[in-house]
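Chain by chain, the residues:
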Amino acid sequence: MTQLVNLPKALIVGKNLIGGEWQDPSNGARIDVVSPYTGEAIGTVPMSGASDVDRAVEAAKKAQRAWGATPIRERTEVLFRFRQRLLEHIDEVSHLAAAECGKTVGEARAGVLKGVEIIEFAASLQNMDDGAVLEVSRGVTCETRREPLGVVAGIAPFNFPAMVPMWMFPIALTLGNAFVLKPSEKVPLTSDVLGRLLLEAGYPPGVFSIVHGGREVVEAFCDHPGIEAVGFVGSTPVAKAVYTRASAAGKRALALGGAKNHFIVVPDADPEITVDGVVRSFTGCAGQRCMAASLMVAVGDCDALIQKIAAHTRSLVLGVDMGAIIEKPAHDRLRADLEQAVRDGAKLLVDGRGVPAPEGYEGGYWLAPSIIDGATFDMECANRELFGPILSIVHVSTLDEAIALQSKSPYGNAYSVFTTRGATARYVIERAEATMVGVNVGVPVPREPFSFGGAKASKFGSHDMTGWGGVELWSKQKKITSKWSLQPDVTWMS
Ligand code: NAD
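Residues numbered from 1 in each chain as written. Predicted model: local features only at pLDDT ≥ 70, side-chain atom pairs only at ≥ 80, totals over all residues. Heavy atoms only, no water.

## Considerations on the packing of aromatic side chains
Going through the model one piece at a time under the given rule, you end up with 12 aromatic pairs. Seen in terms of ring centroids, F158 and F387 are 5.9 Å apart; in terms of plane orientation they differ by 85°. Their pairing is edge-to-face. Here the residue F158 occupies a position in the loop between β8 (151–155) and α5 (163–174), and F387 occupies one in the loop between α12 (380–383) and β17 (390–396), the gap between them amounting to 229 residues. Exposure remark for F158: the relative accessible area of 12% places this residue in the buried category. With a centroid separation of 6.3 Å and 5° between ring planes, the pair formed by F179 and F208 is classed as stacked. Of the two residues, F179 sits in strand β9 (residues 178–182) while F208 sits in strand β10 (residues 208–210), which places them 29 residues apart along the sequence. (Phe/Tyr/Trp six-rings, centres within 6.5 Å; stacked < 30°, edge-to-face > 60°. Helix = DSSP H or I, 4+ residues; strand = E, 2+ residues; numbered from the N terminus. Buried < 20%, exposed > 50% of the residue type's maximum accessible area, 1.4 Å probe, protein only.)

## Things to note about a nonpolar patch on the surface
On the surface, I429, V437 and V439 cluster together to form a nonpolar patch covering roughly 190 Å² of accessible area. Locating I429 in the fold gives a position in helix α14 (residues 422–431). Classification of I429 by relative accessible area gives partly exposed; the value is 37%. (Patch = residues over 30% accessible without salt bridge, like charges linked within 9 Å, V, L, I, M, F, W, Y side chains within 5 Å. Areas by Shrake-Rupley, 256 points an atom, 1.4 Å probe, with all protein chains shown as cover. Salt bridge = Lys/Arg side-chain N within 4 Å of Asp/Glu carboxyl O.)

## Thoughts on the pattern of salt bridges
Applying the stated rule across the entire model yields 31 salt bridges. One salt bridge connects R30 with D24, and the closest N-O pair in it is separated by 2.8 Å. Judged by relative accessible area, which is 29%, R30 ranks as partly exposed. Two residues, D337 and R333, come together in a salt bridge whose shortest N-O distance is 3.9 Å.

## A short note on the site of the ligand
The ligand sits among 27 residues. The nearest are A156, E185, S235, G257 and E385. The contact in question runs from an oxygen atom of the ligand to an N or O atom on the backbone of F158, over 3.0 Å. One of the side-chain nitrogen or oxygen atoms of S235 is found 2.6 Å away from an oxygen atom of the ligand. Protein chains bury 87% of the 840 Å² of accessible surface belonging to the ligand in isolation. When residues of the shell around the ligand are traced back to their parent elements, those giving at least two are α7 (215–223) and β11 (229–233). Of the residues contributing to the shell around the ligand, the split by class is 15 nonpolar, eight polar and four charged. When residues are assigned to domains, the shell around the ligand turns out to be shared by domain 1 (12–257 + 458–478) and domain 2 (261–439), each giving three or more. (Near = heavy atom within 4 Å. Polar contact = N/O pair within 3.5 Å; in protein donor to acceptor, adjacent residues only side chain to side chain. Nonpolar A, V, L, I, M, F, W, Y, C, P; charged D, E, K, R; others polar. Domains from an automatic or database assignment.)

## Concerning the domain arrangement of the protein chain
Domain assignment breaks the protein chain into domain 1 (12–257 + 458–478) and domain 2 (261–439). In this structure, domain 1 and domain 2 have C-alpha centres spaced 31 Å apart. The interface of domain 1 with domain 2 comprises 18 residues on the first partner and 24 residues on the second. Taken together, domain 1 and domain 2 are joined by one salt bridge. Of the charged contacts in the structure, one is a salt bridge between K186 and E327, with a shortest N-O distance of 3.4 Å. The tally of links from domain 1 across to domain 2 stands at seven residue pairs in polar contact (both at pLDDT 80 or more). (Contact = heavy atoms within 4.5 Å.)

## Some thoughts on helix α9 (residues 271–283)
Over its 13 residues, α9 extends 18 Å from the first C-alpha to the last, a length consistent with the 18 Å expected when each residue adds 1.5 Å. Three or more residues of α9 are buried, namely T274, V275, G277, V278, V279, S281, F282 and T283. Between the side-chain oxygen at the start of α9 and the backbone nitrogen of E272 there is a gap of 3.2 Å, and the oxygen is on D270. Just downstream of α9 lies C285, where phi reads positive at about 55°. (Expected span 1.5 Å × (residues − 1).)

## A short note on the sheet that holds strand β4 (residues 30–34)
Spatial ordering of the open sheet is given by β1-β5-β4, a layout of three strands whose pairing is mixed. Pairing within the sheet leaves two strands with one partner each, and these edge strands are β1 (12–13) and β4. Here β1 pairs with strand β5 (residues 41–46) via two bridges, running parallel. For V13, the partnering residue across the bridge sits in β5 and is T44. (Pairing = 2+ DSSP bridges.)

This is the structure in structure tokens:
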């Protein structure tokens, strides 16, 4: 048997981090954290309540006053130390993230490294001249100053246990906020390691907090008068509910939701780059990625390319090239989705259901990648986010027909085109309704300092999650108008 991941040797007891102390929830409630590799518990997580949120926010508020008044250069020194500790512990973090989420250790490591990229962007903020001073009329200047919001909160999904929290807290903390995190209750243990490393790096107690749990904690974040802004990443229905509730409470809110990403393949597409890009995109993280390209729109005769995509897909080794599905209900639902597609009249070009689990991991939630060909847009496999390693292929005759399909989708996260013609790429880019667009790239994640964020039902709220969008999200601009001497030619505005 090949060992795929280091599973924890003993059950890990997840704790809340409040005021720099590791704590149990006040109601004592806990649930198991189960590894998708084995189907067995590797730890437990608190299911906290509103009173735990109250205590976390109170401690965060106290800590934020001094932290917000600390010069950015000193705040950044702590971030540098966190970056260093994170890299020293990258194996521990990657194995734990993989163990609780089911992805491969390599994918988990890539997620941590994307977090490092965001840390580096946040660290660079100390050298950015982000203000402005203008003499707006004789003797009168206007100046802008970026200031923290206060206590802010982040809510994360299961699919990136380390990366999504790091989309948020490095920028928010560096700008002088205190940050309260609620990780997904399915993958909470990685966040506790991040919390430990943040404390070791020297973040003052209360500046970074963790309150574990589910809906009750999320709703308490939205309602709490001491929380100024809420960042959310997860499914569309919850994103919409969180955005609506937090906004109604007068908070700044950005909620990123689900996706059904289309990518267009035209016959002139480069075979190598297309096969690699398509297969990586829908099988990476077992398709449990908001950027996964799950609907291929084949324009004209792409049969040779499709055969190559199918052959490459069949060659992937479960457990080595692709990890497991997060939990049994999701695993069973994906199998049912494949059956439904066949009932709807599509063809299973690659059927992952018969592929055995990796040796020694038979209790886990494994499903090899599958390809549904001949789908039509009215089929669920073509229009619903399945969130698994399933690619659906729809055939159309013209580029305009391919482009028209996106208006039928409620989502607008990512959109890619595979072509060797610049004019085709340009045509698609200009008509894309999604706001993260790829050309010959299957997972068009904007890299720092470019911001991450979709459109339509993939994003509720303004700003974006990373890059400059994140700076806007987690700070406010103060405008100062000054005059130091009385001027003879004043207007009512000066
Ligand atoms: P989810 O919406 O079920 O959970 C996300 C978070 O919300 C978790 O912390 C969970 O505890 C909490 N939550 C769940 N139900 C809730 C409710 N009824 N009320 C309040 N809070 C609730 O999402 P998930 O299954 O963990 O993650 C997968 C989804 O996230 C997919 O739809 C995926 O596309 C999306 N996602 C989007 C992005 C993006 O950037 N747009 C990134 C990653 C994942």
